[in-house]
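Read off the chains here:
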Amino acid sequence: MEQLLGRGGMGEVWPARDSVMEREVAIKLLQEHLGTTEGEELFFREPRTAGALSHPGIVTVHDLGRDRDSTLYLVMEKVPGRNLRVVLHGGPQPVADALVWTAQTADALHAADSVFTRETELSLPLEFEAVAQAA
């Protein structure tokens, strides 16, 4: 694997090459301190939920499992582009860009809403539902 792409609450994401399918991928590895049963359930919930979706704003999950040393992993499409956190730390962005990013995010959240609701038995708060219905 190459250099670290990112680190979050659940794990680290590394770029890699799928030599069988001949494509670039991203591999997420569960952080060791989350290796509890609860941590594992949470780690597997994300790809199972994402795997039920097909949307350009949501990564495609290719594989998930446990390797020989018991490390949990998730293999997903590697999305080209810049890290939004890094972009935003660079200072204010043009309003037009912010509007495009907001629309793309809202579209992906809308696509995920039915799966999210089914998976967690939660729904968006009433005021957000009213805004979504008005759109």
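These figures come from a predicted structure and were not determined experimentally. (Residues numbered from 1 in each chain as written. Predicted model: local features only at pLDDT ≥ 70, side-chain atom pairs only at ≥ 80, totals over all residues. Heavy atoms only, no water.)

Notes on the overall build of the chain
Then, number 1: From N to C terminus, the chain includes four helices and five strands.
Then, number 2: Counting helices and strands in the order they occur from the N terminus, the chain gives β-β-β-α-β-β-α-α-α.
Then, number 3: The 135 residues of the chain split such that 24% are buried.
Then, number 4: Long-range contacts, defined as pairs at least 24 residues apart, comprise 37% of the intrachain contacts of the chain with a sequence gap of at least 6.
Then, number 5: Accessible surface, the chain as shown: approximately 9,900 Å² in total, 56% of it carbon and sulfur. (Helix = DSSP H or I, 4+ residues; strand = E, 2+ residues; numbered from the N terminus. Buried < 20%, exposed > 50% of the residue type's maximum accessible area, 1.4 Å probe, protein only. Contact = heavy atoms within 4.5 Å. Areas by Shrake-Rupley, 256 points an atom, 1.4 Å probe, with all protein chains shown as cover.)

Remarks on the confidence of the model for the chain
Then, number 1: Residues at a pLDDT of 70 or more form 79% of the chain, whose mean pLDDT is 79.
Then, number 2: Scored below 50 in pLDDT, residues 118–135 shows nine contacts in the model against residues more than four places distant or in partner chains. (pLDDT = per-residue confidence, 0-100.)

Structural notes on the nonpolar core
Then, number 1: Core analysis: the largest hydrophobic core is formed by nine residues, namely Met10, Val13, Ala26, Leu30, Phe43, Phe44, Leu72, Leu74 and Met76.
Then, number 2: Elements with a contribution of two residues or more to this core: β3 (23–30), α1 (37–51) and β5 (72–77).
Then, number 3: Of all the elements, β5 adds the most residues to this core, at three residues. (Core = buried A, V, L, I, M, F, W, Y, C linked by side-chain atoms within 4.5 Å.)

Here we look at the sheet that holds strand β4 (residues 61–66)
Then, number 1: Ordered by their spatial adjacency, five strands build an open sheet running β1-β2-β3-β5-β4, and the pairing between neighbours is antiparallel. Only two strands of the sheet have a single partner each, and these edge strands are β1 (6–7) and β4.
Then, number 2: Bridge count between β4 and β5: five bridges; the pairing is antiparallel. Bridge assignment links glycine 65 to a residue of β5, and that residue is tyrosine 73. (Pairing = 2+ DSSP bridges.)

So, α1
Then, number 1: The end-to-end C-alpha distance of α1 is 21 Å, a good match for the 21 Å that 15 residues give at a rise of 1.5 Å each.
Then, number 2: Here α1 has its buried residues at Gly39, Glu40, Phe43, Phe44, Pro47, Thr49 and Ala50. (Expected span 1.5 Å × (residues − 1).)

Considerations on the pattern of salt bridges
Then, number 1: For the structure on display, the rule yields four salt bridges.
Then, number 2: Notably, a salt bridge pairs glutamate 12 with arginine 7, separated by 2.7 Å at the nearest N-O pair.
Then, number 3: For arginine 17, the salt bridge goes to glutamate 24, with nearest N and O atoms at 3.1 Å. (Salt bridge = Lys/Arg side-chain N within 4 Å of Asp/Glu carboxyl O.)

Points about the pairing of strand β2 (residues 11–18)
For a regular strand, side-chain orientation follows a simple rule: the groups alternate between the two sheet faces.
Then, number 1: Sheet analysis places β1 next to β2, joined by two bridges and oriented antiparallel. Residue pairing in the sheet places glycine 6 in a bridge with valine 13 of β2.
Then, number 2: Here β1 folds back onto β2 in antiparallel fashion, the turn holding three residues.
Then, number 3: Pairing of β2 with β3, which is carried by eight bridges, proceeds in the antiparallel orientation. Within the sheet, the bridge partner assigned to arginine 17 lies in β3 and is glutamate 24.

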